Amino acid sequence: MEEMSKTAGCGCSEVAASQNKQKISTSGVSIMSSMDEMPSCSATEAESPMAGYEKPGYRLFSFVDKFIDTDAGPVPIIKPKLQVEDLFATFFVRCGIGRYSYTIAPGLYGIGSPDKNSEVLVTANFKLTFDHVRKELSSINAWILVLDTKGINVWCAAGKGTFSTHELVKRIKKSSLEKVVDHKRVIVPQLGATGVSARDVKKQSGFKVVYGPVRAKDIPAFLKNNNTADKTMRLITFSMYERFILTPVEIQMVLKPALMIALVLFIISGFGPGFFSFSGALERGLPAFFALLTGIISGAFVTPVLLPYIPFRHFALKGIISGSIFALLFLLLSASAIQGISGFIALFLFSVSISSYLAMNFTGATPFTSPSGVEKEMKQYIPVQLASLVISFGLWIYSAF
Amino acid sequence: MKELRYLDDVSTLVLDPEKCIGCRLCTEVCPQAVFEMRGNKAHIADFNACMECGACVNNCPSGAISVNPGVG
């Protein structure tokens, strides 16, 4: 239960794990992790314009196009276009694979041909965030100041305190931003405001914080519009696609506990008139296992995707609604494998409890649930879910006799 | 976000109109359009949309806003 995030409703269910996975790196260059990997700019291309920027033991990020010289030293210019390897990595990270070490080196980057008058866009060093920003900037000349958020996205990092006034001020000073640009302003994504105090940044660095749009795709329009955001740029959305794209991680996070529960299910399915039988464990364990899968699909996939179309505001209740429908469907399909009405009720309650709990867990991934509301909902529904679970286990054992 | 609403009457958001200096920053940083300017003061126009993210509190120069979601 402690995993349920109550900081900012931004989907950061577990974050601490990432804290100790920092890479040793400098701006634009990351240390080589293995000897097998060749630098992307191999030494044989002696005439490569990048050759002068290679360092022994380091490897250039593949999104770096070239370097330009500024009064604060060379700054990497990045490509706005994502490469196939970026897309593959995005896919894996969306499935929860390696998402806590998907980082780039913090510091100053550039895109297009930035000069002393170009704006400075601030973002996080989660590679998914960074890719998301750069792919929207193909027509833009700007500086990009990447904060060290330990590989966490802007909103979550702002809630957890890594996308912060302190980190922004530190990064401005470390990159000698005052030598790179002639103006004194930085554009911070609006969702970073949870961690940044514009007034304190100004006081501590001399740079004025201008809050940019919520979404990276609005940056070009925002810049064109004299750094002003219209109302829609300021509002968070949570469309069906935005909900759907979060579900693989929801499911991935539940895999390990689900495996443990499945084990328990097979064990208690073995209890019966002869005390314990392995054939009983297998025979009765299988429908119980499918009831678990039904609950997971309903709570971690269907409820999130269909969120606004399922009645009630409590997520736990939404999970009960969709869980009931799916449990009934499942039980109708597998009626022949389940004995007695008590077995039916047991599996029904089991699926619904799992669905309700996982639906409630999704509050941590949405951009509109308040921690106070989540706390209230948890206090109300965890006892209900637990009671239903206990009854279903009792009934399931009883139904074997 | 008008189509997706969470529980009503749970937010701990408080705005002290006495302290508000009318800088509009809260209307700018709030991702849920909770605030609205009326005259030269900010008002809470949509209390139940508040998700207690704290962006307004963090940026209010006069300490007129507070939000306190308790532990965790």
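About the thresholds
- Residues numbered from 1 in each chain as written.
- Chains lettered and ligands numbered in written order.
- Predicted model: local features only at pLDDT ≥ 70, side-chain atom pairs only at ≥ 80, totals over all residues.
- Helix = DSSP H or I, 4+ residues; strand = E, 2+ residues; numbered from the N terminus.
- Buried ≥ 20, exposed ≤ 12 C-beta atoms within 10 Å, placed from the backbone.
- Contact = placed C-beta atoms within 7 Å.
- Nonpolar A, V, L, I, M, F, W, Y, C, P; charged D, E, K, R; others polar.
- Domains from an automatic or database assignment.
- Core = buried A, V, L, I, M, F, W, Y, C linked by C-beta atoms within 7 Å.
- Axes fitted to C-alpha atoms, helices over the stretch in contact; angles between N-to-C directions.
- Parallel < 35°, antiparallel > 145°, perpendicular 65-115°, else oblique.
- Left-handed = near helix turned anticlockwise from the far one by under 90°.
- pLDDT = per-residue confidence, 0-100.

Chemist: Hey, could you run me through the overall build of chain A in this one?
Modeler: Along its length, chain A carries 14 helices and 12 strands. By the burial criterion, 44% of the 401 residues in chain A qualify as buried. A fraction of 70% describes how many contacts in chain A between residues 6 or more apart in sequence connect residues 24 or more apart.

Chemist: What am I meant to see in the interface of chain B and chain A here?
Modeler: Frequently, the measure chosen for interface size is the accessible area removed from exposure when the parts meet. On the chain A side, the residues contacting the 27 residues of chain B number 32 residues. Secondary-structure elements contributing two or more residues to the side of chain B that touches chain A are α1 (25-29) and α2 (55-59) of chain B. Residues belonging to the side of chain B that touches chain A are distributed by class as follows: 15 nonpolar, eight polar and four charged.

Chemist: Hey, could you run me through the domain arrangement of chain A in this one?
Modeler: All names here are of chain A. For chain A, the assigned domains read domain 1 (16-236) and domain 2 (241-398). Using only C-alpha atoms to locate each centre, domain 1 and domain 2 end up separated by 41 Å. Across the contact, four residues belong to domain 1 and six residues belong to domain 2. A per-class count over the side of domain 1 that touches domain 2 returns two nonpolar, one polar and one charged.

Chemist: Quick question: what am I supposed to make of the nonpolar core here?
Modeler: Nonpolar side chains in soluble globular proteins generally cluster together in the buried interior. Residues A:Val120, A:Val122, A:Trp143, A:Ile144, A:Leu145, B:Cys26 and B:Cys56 are the most contacted members of the largest nonpolar core, which totals 78 residues. In terms of residue count, the dominant contributor to this core is strand β8 (residues 142-147) of chain A (six residues). Once you skip the residues sitting within four places of it in the chain, A:Trp143 turns out to touch A:Leu108, A:Gly110, A:Pro114, A:Ser118, A:Val120, A:Leu121, A:Val180 and A:Val181. Core analysis: the next-biggest nonpolar cluster, separate from the first, contains 33 residues, A:Leu265, A:Ala288, A:Ala300 and A:Tyr381 among them.

Chemist: Help me out: how do you make sense of the packing of helix α13 (residues 340-361) of chain A against helix α14 (residues 371-398) of chain A in this one?
Modeler: Axis angle and axis distance: for two packed helices, these are the angle between their axes and the distance between the axes, and together they describe the pair. All names here are of chain A. Orientation of α13 relative to α14, taken along the N-to-C sense of each, is 155 degrees, at an axis distance of 8 Å. When the axes of α13 and α14 are compared, the pair comes out roughly antiparallel. Judged by the twist between their axes, the crossing of α13 over α14 is left-handed. In this structure, α13 uses Ser-342, Gly-343, Ile-345, Ala-346, Leu-349, Phe-350, Val-352, Ser-353, Ser-356, Tyr-357 and Met-360 to contact α14, whose residues at the interface are Glu-377, Met-378, Tyr-381, Gln-385, Ser-388, Leu-389, Ile-391, Ser-392, Leu-395, Trp-396 and Tyr-398. Here the contact of α13 with α14 is composed, by residue class, of 14 nonpolar, seven polar and one charged.

Chemist: Help me understand the confidence of the model for chain A, please; the structure alone is not making it clear to me.
Modeler: Caution applies to low-pLDDT parts of the model: their predicted coordinates are not meant to be read in detail. Residue and element names in this part refer to chain A. On average, residues of chain A carry a pLDDT of 87, and 88% of them reach 70 or more. In this model residues 13-27 is a low-confidence stretch, pLDDT under 50, and it forms 30 contacts with partners more than four residues away in sequence or in other chains. This model gives residues 30-46 a pLDDT under 50, and the stretch forms 29 contacts once residues within four places in sequence are excluded.

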